Amino acid sequence: MVLVKRVYEVTRFFPREELIGITSQMRRAAVSIPSNIAEGYGRLSDKETSRFLGISLGSASELETQLLLSVELGFASEMELNELLILNQEVIRMLVSLAKKIG
């Protein structure tokens, strides 16, 4: 949830013409992470939980790519985007750990 909030805060200052482009993509990918975790755990099945954790992991990987592109395109300071990259990597590590525990 912290990652989602920070993505929204940082992308608020992205170029206006990117609102329906990378800004929207990044926000959707970020929101997808906790949403799919919640949906997976709401299914009450390890198999379903594992599947939705995988979807969350895919969204986190997508967000990582978009963050790297944003650095290359100069849409925000490298420091801000590095903070988001670090947060995203932490989320990825947690998702992998959870997925391993569920099996």
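Relevant structure appears above.
Only a predicted model underlies this, so the values are computations on that prediction, with no experimental measurement involved. (Residues numbered from 1 in each chain as written. Predicted model: local features only at pLDDT ≥ 70, side-chain atom pairs only at ≥ 80, totals over all residues. Heavy atoms only, no water.)

A. Examining the side chain of Ser56 more closely. The topology assignment puts Ser56 in helix H3 (residues 46-73). Owing to a relative accessible area of 0%, Ser56 belongs among the buried residues under this scheme. At a separation of 2.9 Å, a polar atom in the side chain of Ser56 contacts the main-chain carbonyl oxygen of Ile33. Side-chain polar atoms of Ser56 contact the backbone nitrogen of Ile37, separated by 3.3 Å. Not counting residues within four places of it along the chain, the set of residues in contact with Ser56 comprises Ser32, Ile33, Asn36, Ile37 and Leu95. (Helix = DSSP H or I, 4+ residues; strand = E, 2+ residues; numbered from the N terminus. Buried < 20%, exposed > 50% of the residue type's maximum accessible area, 1.4 Å probe, protein only. Polar contact = N/O pair within 3.5 Å; in protein donor to acceptor, adjacent residues only side chain to side chain. Contact = heavy atoms within 4.5 Å.)

B. Up close: the nonpolar core. Counting 23 residues, the largest nonpolar core has Leu3, Phe14, Leu63 and Leu84 as the members making the most contacts within it. Mapped by element, the contributors of at least two residues to this core are helix H1 (2-11), helix H2 (22-42), H3 and helix H4 (78-102). Looking at this core element by element, the count peaks at seven residues for H4. Among all residues touching Leu84, those that are not within four sequence positions of it are Leu3, Arg6, Val7, Val10 and Leu67. (Core = buried A, V, L, I, M, F, W, Y, C linked by side-chain atoms within 4.5 Å.)

C. Representation of the packing of aromatic side chains within the structure. Tallied over the full model, the rule gives one aromatic pair. Ring geometry for Phe14 against Phe75: centres 5.4 Å apart, planes inclined by 50°, an arrangement best described as tilted. Of the two residues, Phe14 sits in the loop between H1 and H2 while Phe75 sits in the loop between H3 and H4, which places them 61 residues apart along the sequence. Exposure remark for Phe14: the relative accessible area of 6% places this residue in the buried category. Under the relative-accessibility criterion, Phe75 is labelled buried at 17%. (Phe/Tyr/Trp six-rings, centres within 6.5 Å; stacked < 30°, edge-to-face > 60°.)

D. A look at H4. The terminal C-alpha atoms of H4, which comprises 25 residues, lie 36 Å apart, in line with the 36 Å expected from a rise of 1.5 Å per residue. The set of residues buried in H4 consists of Leu81, Leu84, Leu85, Leu87, Asn88, Val91, Ile92 and Leu95. In this structure, the buried side of H4 is in contact with H1, H2 and H3. (Expected span 1.5 Å × (residues − 1).)

Keep in mind that these numbers describe shape and distance, not what the molecule does.
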